[in-house]
Amino acid sequence: GRRQEPAERNYREIGENEDLVIASMNVGKADCSILAYQGSFGLIDTGTKDAYDLIDMVLSLNHKQTVDYLIITHYDKDHVGSAVKLLQNYNVKRIYLPAYISGKSGYSPLQAEIEGNKNVVYVSEDELITVNDLTIRVIPPKEPEVLQADPDQMDNNMSLMCMVTLKNRRFLYD
């Protein structure tokens, strides 16, 4: 058969495992993680536009046409770059977004893509995503009016955090 690329070997059948798999995608100076647990697939951020091919490959290798949840921590292009293309090509059941208006280039295309989508949650208070005994607490910033005062740092300051908990293990994304 054909020779598998290292990325294919690393990401093949990650969703078949009953254990929690957190795959921090190799997308350069950007952020994108896939969380797979007992058949569910979710993403925290989508990297830059260039990350889409890797995300698509991982989902295809795992026979996924549906993403259970997509969490965008903030609207910088290295976090939201592949989100529009992902939404155009996959069924995303639930989308969690920070509850602020951004001047960043990734904001308007994403807002246009999700217009009218009833499965979007603008996170202004803690939200829980539950998959059996796995919980992901999506945590908005406290005191957003203070954090929005500095326009240069607003997007980073207004980032959502995610606390992933499975039994006695916790992982924090910020």
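Here, the structure is the one placed above.
Scoring rules and cut-offs
Residues numbered from 1 in each chain as written. Predicted model: local features only at pLDDT ≥ 70, side-chain atom pairs only at ≥ 80, totals over all residues. Heavy atoms only, no water. Core = buried A, V, L, I, M, F, W, Y, C linked by side-chain atoms within 4.5 Å. Buried < 20%, exposed > 50% of the residue type's maximum accessible area, 1.4 Å probe, protein only. Helix = DSSP H or I, 4+ residues; strand = E, 2+ residues; numbered from the N terminus. Salt bridge = Lys/Arg side-chain N within 4 Å of Asp/Glu carboxyl O. Pairing = 2+ DSSP bridges. Right-handed = clockwise from strand over helix to strand, strands pointing away. Axes fitted to C-alpha atoms, helices over the stretch in contact; angles between N-to-C directions. Contact = heavy atoms within 4.5 Å.

1. Focus: the nonpolar core
Moving on, step 1. One finds Met-25, Leu-43, Leu-86, Leu-97 and Leu-110 to be the most contacted residues of the largest nonpolar core, which totals 35 residues.
Moving on, step 2. Of all the secondary structure elements, the ones that give two or more residues to this core are strand S1 (21-24), strand S2 (33-37), strand S3 (40-44), helix H2 (52-61), helix H4 (83-89), strand S7 (95-98) and helix H5 (107-114).
Moving on, step 3. Looking at this core, the element that brings in the most residues is H2, giving five residues.

2. Quick notes on the pattern of salt bridges
Moving on, step 1. All told, the structure shown has five salt bridges when counted by the stated rule.
Moving on, step 2. Across the salt bridge formed by Asp-68 and Lys-93, the nearest N and O atoms sit 3.3 Å from each other. Of this pair, Asp-68 sits in the loop between strand S4 (66-67) and strand S5 (69-71) while Lys-93 is found in the loop between strand S6 (91-92) and S7, placing the two residues 25 residues apart along the sequence.
Moving on, step 3. One salt bridge in this structure joins Lys-142 and Asp-126, with 3.4 Å as the shortest N-O distance.

3. Considerations on H2
Moving on, step 1. Those residues of H2 lying buried are Tyr-52, Leu-54, Ile-55, Val-58, Leu-59 and Leu-61.
Moving on, step 2. His-63 sits one or two residues past H2 and shows a positive phi near 55°.

4. Observations concerning the pairing of strand S8 (residues 120-123)
Moving on, step 1. Note: S7 against S8, four bridges, orientation parallel. Following the sheet pairing, Tyr-96 is matched in S8 by Val-121.
Moving on, step 2. Once the chain exits S7 it traverses H5 before rejoining the sheet at S8, and the crossover so formed is right-handed.

5. With respect to the environment of Lys-167
Moving on, step 1. Its location among the elements puts Lys-167 in the loop between strand S11 (161-166) and strand S12 (169-173).
Moving on, step 2. On the basis of relative accessible area, Lys-167 is assigned to the exposed category, the value being 66%.
Moving on, step 3. Here the alpha-carbon distance between Lys-167 and Asp-133, two residues 34 residues apart in the chain, equals 7.1 Å.

6. As for the sheet that holds S1
Moving on, step 1. Read from one edge to the other, the open sheet built from six strands follows the order S1-S2-S3-S5-S7-S8, with strand pairing classed as mixed. With one partner strand each, in any of the chains shown, S1 and S8 form the two edges of the open sheet. When strand polarity is set aside, the average angle formed by the axes of neighbouring strands in this sheet is 20°.
Moving on, step 2. Across the face of the sheet, H5 comes into contact with S7 and S8 while running at roughly 145° to S7.

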